[in-house]
Structures are given as C-alpha cells and as structure tokens.
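Residue-level listing of the chains:
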Amino acid sequence: MSEKNAPARDYSKRTSARLLLSLVAPYKALLAAIFVASLCDMGGMLFIPTQLSAMVNVAVNTRDMSSLMGHGVAMLIAAFVGSGGYLTTVYLTSRLCAHVGRDLRMRVYEASLAFSASDFNAFGTGSMITRTLSDANVVQQTLLMSILMIFPVPIACVIAVALAFSTDVVMGWVLLVVTLAVVAICVVAVARSAPIFTRLQGFIDNMNTRLRESITGVRVIRAFGKESYERARLGETFTDFAESAIRVNFVFALTDSITFFLMNAVEAAIMWVGADRVGAHAMQIGSISALVEYAMLIMLFLMMAQFAILQVPRALACLTRAASVLDVRPENADDPASCALRAGEGGDEVARFDHVDMRFSDADEDTLHDLTFSLRRGQVTAIIGNTGSGKSTVARMLLRFNDVTGGSLSFAGVDVRRLTQGELRRRIAYVPQKAWLFSGTIAENLRHGDADASDERLWHALGVAQASFVRELPDALGTRVAQGGTNFSGGQRQRLAIARALVRDADLYIFDDSFSALDYKTDAALRHALTGELAHAATLIIAQRVSTIHDADQIVVLKDGEVVGLGRHDELMEGCPTYREIADSQTRGGTTDE
C-alpha cells in the first residue's frame, strides 16, 4: 500500500460511529418500529408496579372489590402490551442486526476484491478473514445487545426515579443515588476493559494467522520434525489471548458481584426506610412494593446494560478495523474516466509493453525495468528467466493485479490504466502458477471461464487440455471437487485449470508456468493442441523449461527485471548468453526454478 494511498489516519470512536450510522441508515423505518415497540415494552413493564401498589393500598384502606378488579384488569392489559412490545422488539432488532452484519461483511469483502497484492498484504490473509467474519459478528451481536439491553436503561431509570419521587422524596433520592453509583461502576468497568478488548482482536488475528500456517504447512512441519516448535508457538499465542480474556472476565465478575450486592442492599434499604416513612404517615404501605419493583427493575436493566456496555469497546475496535479496510484507496483503482473496448479493437497487436517499469510500493528499486515488446494475435510469446527475474509480475501487470509505474502498457491500443479491471479481465484468460480449483463440481469450475458454456464446449476444452481422465470418472463433469482440488493430482489440477481458461473466448491467453506439473509427453501434446485452438488470439507462456517454449514465435529472456534477449530459440542460443546458460543447464539435467 503506497504512502499516497494510505495516509496516516486517526481511526477514533468518531470514525466507528460514522461507519455504524452508515450501516443502519438504510433501515430508518425498522429503527422507528423498534422504538415504538420498546416504548410499549417499557410502558407496560413500569405500569404494573404502579397498579400493584394501588391494589395493595385499596385492599388495606377501602377493600373496594370493583377498584381491585379495575386495577387487576389494568395490570393484565399492561402485561400483554409489555410482552407484545418485547417480543416485537426482539424480532425487529434481530432483523436489523442481521442486515447490518451482512452489509458490513459485504462491504469489507467487496473492498478487498479491489485491492492490489500489496494492499492485501498490508493487512494479511488472517487479519482479513477475522475482519470479514469474526469482527462483523461482534458488531452484529453487540448492536443486538445494545438495543435490547442499553437502549431501555435511560427510559426505565428516568421513569422509575420520577415515579419514586412522586411517591416519596426521600425514597426518590435513595433510588437516584443507587442508580448513579451503579452507572459509575459500569463506566469504570468499560474504561478498564476497552483497551483489553482492542488487544484481544489483535490476538485473534495472530491465532488465525498461525493456525492457517500450521494447517497449510503440516506436511513440512512433520517432515522436519518441528511439531514441538510449532506447538510452542501456538501455545504462546493462545496464552496471550487467554491472559487478556481472564482479565476481562475478572472485570465482569467484579462488576457483577458489586451490582448483586447493591441489589440486596437497596432492597433492604427500601424496606427499612419505607417502614419508617409509612410509620410517619409520609406514604402508604402499598407504595413500598412499588418502590422495591422500581429498584429491582433499575438494577436489572443496569446489570444487563453493564454486560452489553462491556462489549461496546470490542465492537468499536472491530468497526475501527473495518473502517481501516474501507478507507483504503486501492493502488490500481479504476480511472473514473475509463473507456470501454469494442469488439475487434486494436488489430493484430493485442498488448504492448512500451518501456514499462514496475516497482512495488514497499520496494526501493524497480522489479521490472524498461520492458519493450508486444503480444500479437496468432503468435505465441514466451517469457523465461532465472528465479526472481519478474516473469510472473508481467502477467500480473497485464491483469492489473499491479499497475505499471513507468512507461506504458496498452491493451488493444488503449492504456490498461484507462480500462476498468472488469473490462480488461473479461478479454483475458489466465492460468495461474498455482492451479486452484473451487469446491463444487468439475463443470462448475470450468464455467468460471464462461458461465453460459454448454457441456459440448466444456468437453472440447477438456480435450484440448489433455484432461481425458474426466471421461473415465463415474460422474464425469458432475464429479465433486474438494476445496483447492486436493482430491486430484497436481497434473490433473493443472489440466483442469487450463481447460477452465480455454472455455473463455479471449483475446489473450496467459499460461503462468502452467505446464510444470505435466510430463514431457503431455506437455508436447498440449502445446500441439493449443497451436490450432488459439490461432485467433495472442498467447503468453511463462515457463521455466526450455522445451516448453522451444517453438514459440517470440521468446523474452528476463534477468534481474530487464530484457536481455528477444527472439526465437535459435537466435537466442546464438546471441543471448543468459538463455544459452538456461538451455545448457537443462540439457545437462539441471533445473531452473521459478
């Protein structure tokens, strides 16, 4: 991520609040309905103690049955209104929070799709998984608890304290003091737990990263006998998380204990002071029951609110982390004034490198420098070079995974930076260095190249890709594919990935070291089949075996990011020492790594 695109920002609580408001803004009608339902819930709940107090006073003083029945019916109605309001509030709040969680996940995921490789690496795969899934879940659950547990607190406290003052001023002051004391305890607990929750999210990132490393590299770990070392690394990460979680739980336990103590102390105080006030004829005996109910409701809501409030710092940290992703302007962002390509535009020259330089944002020197060559329709261009020479980076520039930093790279006569990434990639078929298949069926994987491709087209692509083994499978095109294609061999995965690219009708086909897992016989048969199949398009083959590119129309030899040779095989054998060294090393049985 470049300094230009990622200036230092202060991701404060204000940033988190802005993001949350933007997430709930589309659901204003739902918020209004939740507010009305919550008022019904609180009104019904607080009306019941008032009617109970009146019933006790009537029973003690007048014993008027008609008045008792009236208060009883009023209590029943209040119970139905309060219960209905609560159920409605829970249902509507659940819908709102589910929508907000979904929208946050989609925003983060869609933003990550536009990232360049360096943009993505600035966060890391483990962190991006946490931000997309775990962080969004935390925000969703905290919003749910906040609406159900925190939002009713100020309403309940204000109404209950007001009713207490209307009953007796002394009792009103008792409730007010207790309410302020519990609020102060909650504020201290939140202030102490907020930084711990922020660190917890970082520990979750570390756990994700190390677990993924251990699971992905389990064979290497076992092969080198490093099980104890990896176990110690994971144990250290888990211990860091556990220690912080224990500190948070201690804050929870201490706050709960104090609140429970205050609940019992308040109940005893109300009974004690209330008895004196009744004896002094300052209030009626039935009012004590109402005051106890008010106090218990206040304490109950404050206890629930304290649990929810302790989650708020964690949710704010998660929103902050999401905002840091959403605020990134990708290095290879589309030009607002981008243009579209017309069919057949550009003539025979499909792509052209004109003195192209490419430097990664965190590098001190160019990865590629002064590249000049073109890819023409009906021709096969090959790129070969030693390890780290930048061969695969050429393919990434054509696909705009990384943009050029100097010179000009054009596609169909138009600078690729003036084309949208979607428009450009629709005209290119790409076989990556690592043949990756998605979970599903073989047909579903092949139709990533063209969603509307018929079965006949799929079979044709498989035939050209020398993937005849698919016909021998019991379910043929319907055969299930495991994630990553792990239920196929390396050579089978590469042939399926090649077939997927051939399904697409493209102007440029890029094979990034896509023949390395094939035996020489299959390699030769595949290249022979591709010659006729791709005559209408330009073909770029990035390879490390000279035999793979021997018959290419144009071979580009890279060394340290620069073109040191350009021509056919025979010409380069005579005039390019670098190419000759690579060819000689392979002839003698050596290897050249990618």
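Anything mentioned here points back to the structure above.
Residues numbered from 1 in each chain as written. Predicted model: local features only at pLDDT ≥ 70, side-chain atom pairs only at ≥ 80, totals over all residues. Heavy atoms only, no water.

Considering the overall build of the chain
Line of reasoning, step 1. The secondary structure content of the chain amounts to 21 helices and 12 strands.
Line of reasoning, step 2. For 594 residues, the compact-globule estimate of 2.2 N^0.38 gives 25 Å, and the C-alpha radius of gyration of the chain, at 35 Å, exceeds that figure by more than 25%.
Line of reasoning, step 3. Each principal axis of the C-alpha distribution contributes one length, and for the chain these read about 115 × 50 × 50 Å.
Line of reasoning, step 4. Counting only residues that meet the buried cut, the chain has 46% of its 594 residues in that class.
Line of reasoning, step 5. Of the contacts made within the chain by residues no fewer than 6 positions apart, 76% connect residues no fewer than 24 positions apart.
Line of reasoning, step 6. When the accessible surface of the chain is totalled, it reaches about 28800 Å², and 59% of it is carbon and sulfur.
Line of reasoning, step 7. Each charge sign in the chain was given a centre, from 55 positive and 62 negative side chains, and these centres are 3 Å apart. (Helix = DSSP H or I, 4+ residues; strand = E, 2+ residues; numbered from the N terminus. Rg over C-alpha atoms; globule rule 2.2 N^0.38 Å. Buried < 20%, exposed > 50% of the residue type's maximum accessible area, 1.4 Å probe, protein only. Contact = heavy atoms within 4.5 Å. Areas by Shrake-Rupley, 256 points an atom, 1.4 Å probe, with all protein chains shown as cover. Lys, Arg positive; Asp, Glu negative; His and termini not counted. Charge placed at Lys NZ, Arg CZ, Asp CG, Glu CD.)

Topic: the packing of aromatic side chains
Line of reasoning, step 1. Applying the stated criterion across every chain, the model contains 5 aromatic pairs.
Line of reasoning, step 2. Summarising the aromatic geometry, the rings of phenylalanine 401 and tyrosine 430 are spaced 6.3 Å apart at their centres and angled 75 degrees between planes, so their arrangement reads as edge-to-face. Within this pair, whereas phenylalanine 401 is found in the loop between helix 12 (391–398) and strand 4 (406–411), its partner tyrosine 430 is found in strand 6 (residues 428–431), the two being separated by 29 residues in sequence.
Line of reasoning, step 3. For phenylalanine 401, a relative accessible area of 29% translates into the label partly exposed.
Line of reasoning, step 4. Just above the ring of tryptophan 459 sits the side chain of arginine 471; from NZ or CZ to the centre is 4.2 Å. (Phe/Tyr/Trp six-rings, centres within 6.5 Å; stacked < 30°, edge-to-face > 60°. Lys NZ or Arg CZ within 6 Å of the ring centre and 35° of its normal.)

A look at the side chain of aspartate 103
Line of reasoning, step 1. You can see aspartate 103 is positioned in helix 3 (residues 65–113).
Line of reasoning, step 2. The residues contacting aspartate 103, other than those within four sequence positions of it, are Leu23 and Tyr27.

Topic: the nonpolar core
Line of reasoning, step 1. Ranked by internal contacts, the top residues of the largest apolar core, which has 49 residues, are Leu502, Phe511, Ile555 and Tyr579.
Line of reasoning, step 2. Looking at this core element by element, the count peaks at 7 residues for helix 17 (residues 490–503).
Line of reasoning, step 3. In contact with phenylalanine 511, other than residues within four places in its own chain, are Val431, Ile498, Leu530, Leu534, Thr539, Leu540, Ile541 and Ile542.
Line of reasoning, step 4. Core analysis: the second largest hydrophobic core is formed by 31 residues, Leu368, Leu375, Val404 and Leu424 among them. (Core = buried A, V, L, I, M, F, W, Y, C linked by side-chain atoms within 4.5 Å.)

Considering the pattern of salt bridges
Line of reasoning, step 1. Per the counting criterion, the structure on display carries 14 salt bridges.
Line of reasoning, step 2. Linking arginine 233 and glutamate 230 is a salt bridge whose minimum nitrogen-to-oxygen distance equals 3.4 Å. Highlighted residues: arginine 233 and glutamate 230, both in helix 9 (residues 227–279), separated by 3 residues, approximately one helical turn.
Line of reasoning, step 3. The buried category is assigned to glutamate 230, whose relative accessible area is 13%.
Line of reasoning, step 4. A salt bridge links arginine 377 to aspartate 507; the nearest nitrogen and oxygen atoms lie 3.3 Å apart. Separated by 130 residues along the polypeptide, arginine 377 in the loop between strand 2 (368–376) and strand 3 (380–385) and aspartate 507 in the loop between helix 17 and strand 9 (508–512) bring together distant segments of the chain.
Line of reasoning, step 5. Assessed through its relative accessible area of 25%, arginine 377 is described here as partly exposed.
Line of reasoning, step 6. Classification of aspartate 507 by relative accessible area gives buried; the value is 16%. (Salt bridge = Lys/Arg side-chain N within 4 Å of Asp/Glu carboxyl O.)

Brief notes about the environment of arginine 199
Line of reasoning, step 1. Within the secondary structure, arginine 199 is located in helix 7 (residues 169–216).
Line of reasoning, step 2. Judged by relative accessible area, which is 37%, arginine 199 ranks as partly exposed.

Thoughts on helix 18 (residues 520–533)
Line of reasoning, step 1. Here helix 18 contains 14 residues, and its C-alpha end-to-end distance of 20 Å stays within 8% of the 20 Å for a straight helix at 1.5 Å per residue.
Line of reasoning, step 2. Every buried residue of helix 18 is listed here: Thr522, Asp523, Leu526, Arg527 and Leu530. The arc enclosing the buried residues of helix 18, seen along the axis, measures out at 130 degrees, which places them on a common side. Those residues of helix 18 that are exposed and aimed more than 90 degrees away from the buried face are Lys521, His528, Thr531 and Gly532. (Expected span 1.5 Å × (residues − 1). Arc of directions from axis to C-beta.)

Things to note about a negative patch on the surface
Line of reasoning, step 1. Taken together, Asp362, Asp364, Glu365, Asp370, Asp560 and Glu562 make up a surface patch of like negative charges.
Line of reasoning, step 2. Its location among the elements puts aspartate 370 in strand 2. (Patch = residues over 30% accessible without salt bridge, like charges linked within 9 Å, V, L, I, M, F, W, Y side chains within 5 Å.)

Here we look at the sheet that holds strand 2
Each strand in a sheet pairs with its neighbour through backbone hydrogen bonds, running either in the same direction (parallel) or in the opposite one (antiparallel).
Line of reasoning, step 1. One open sheet holds the 4 strands; their spatial order is 2-1-4-5, and the pairing between them is antiparallel. In this open sheet, the two edge strands, each paired with only one partner strand, are strand 2 and strand 5 (414–415).
Line of reasoning, step 2. Across 6 bridges, the pairing between strand 1 (residues 349–358) and strand 2 is antiparallel. Bridging from a neighbouring strand, phenylalanine 353 pairs with phenylalanine 373 of strand 2.
Line of reasoning, step 3. Against the sheet, helix 12 contacts strand 1, strand 2 and strand 4, and its axis sits at roughly 120 degrees relative to strand 1. (Pairing = 2+ DSSP bridges. Axes fitted to C-alpha atoms, helices over the stretch in contact; angles between N-to-C directions.)

Observations concerning the sheet that holds strand 10 (residues 538–542)
Line of reasoning, step 1. The strand order 6-9-10-3-11-12 describes an open sheet built from 6 strands, whose pairing is mixed. Only two strands of the sheet have a single partner each, and these edge strands are strand 6 and strand 12 (562–567). Along the sheet, successive strands turn relative to each other by an average axial angle of 15 degrees, direction set aside.
Line of reasoning, step 2. Note: strand 3 against strand 11 (residues 554–559), 5 bridges, orientation parallel. Note that in strand 11 the partner of isoleucine 384 across the bridge is valine 557.

What to know about a nonpolar patch on the surface
Line of reasoning, step 1. A contiguous nonpolar patch, built from Phe35, Val36, Leu39 and Phe151 and spanning about 340 Å² of accessible area, is present on the exposed surface.
Line of reasoning, step 2. Topologically, phenylalanine 151 is positioned in the loop between helix 5 (125–150) and helix 6 (152–167).
Line of reasoning, step 3. We classify phenylalanine 151 as partly exposed; its relative accessible area is 30%.

Description of the state of the cysteines
Line of reasoning, step 1. Counted by the stated rule, this structure contains 0 disulfides.
Line of reasoning, step 2. Of all cysteine sulfurs in the structure, the one in cysteine 97 sits closest to cysteine 40, which takes part in no disulfide; the separation is 19 Å.
Line of reasoning, step 3. On the accessibility criterion, cysteine 40 (33% relative accessible area) is partly exposed.
Line of reasoning, step 4. Distance from the sulfur of cysteine 318, which forms no disulfide, to the nearest cysteine sulfur (cysteine 97) is 14 Å. (Disulfide = S-S within 2.5 Å.)

Taken by themselves, the reported measurements are silent on function.
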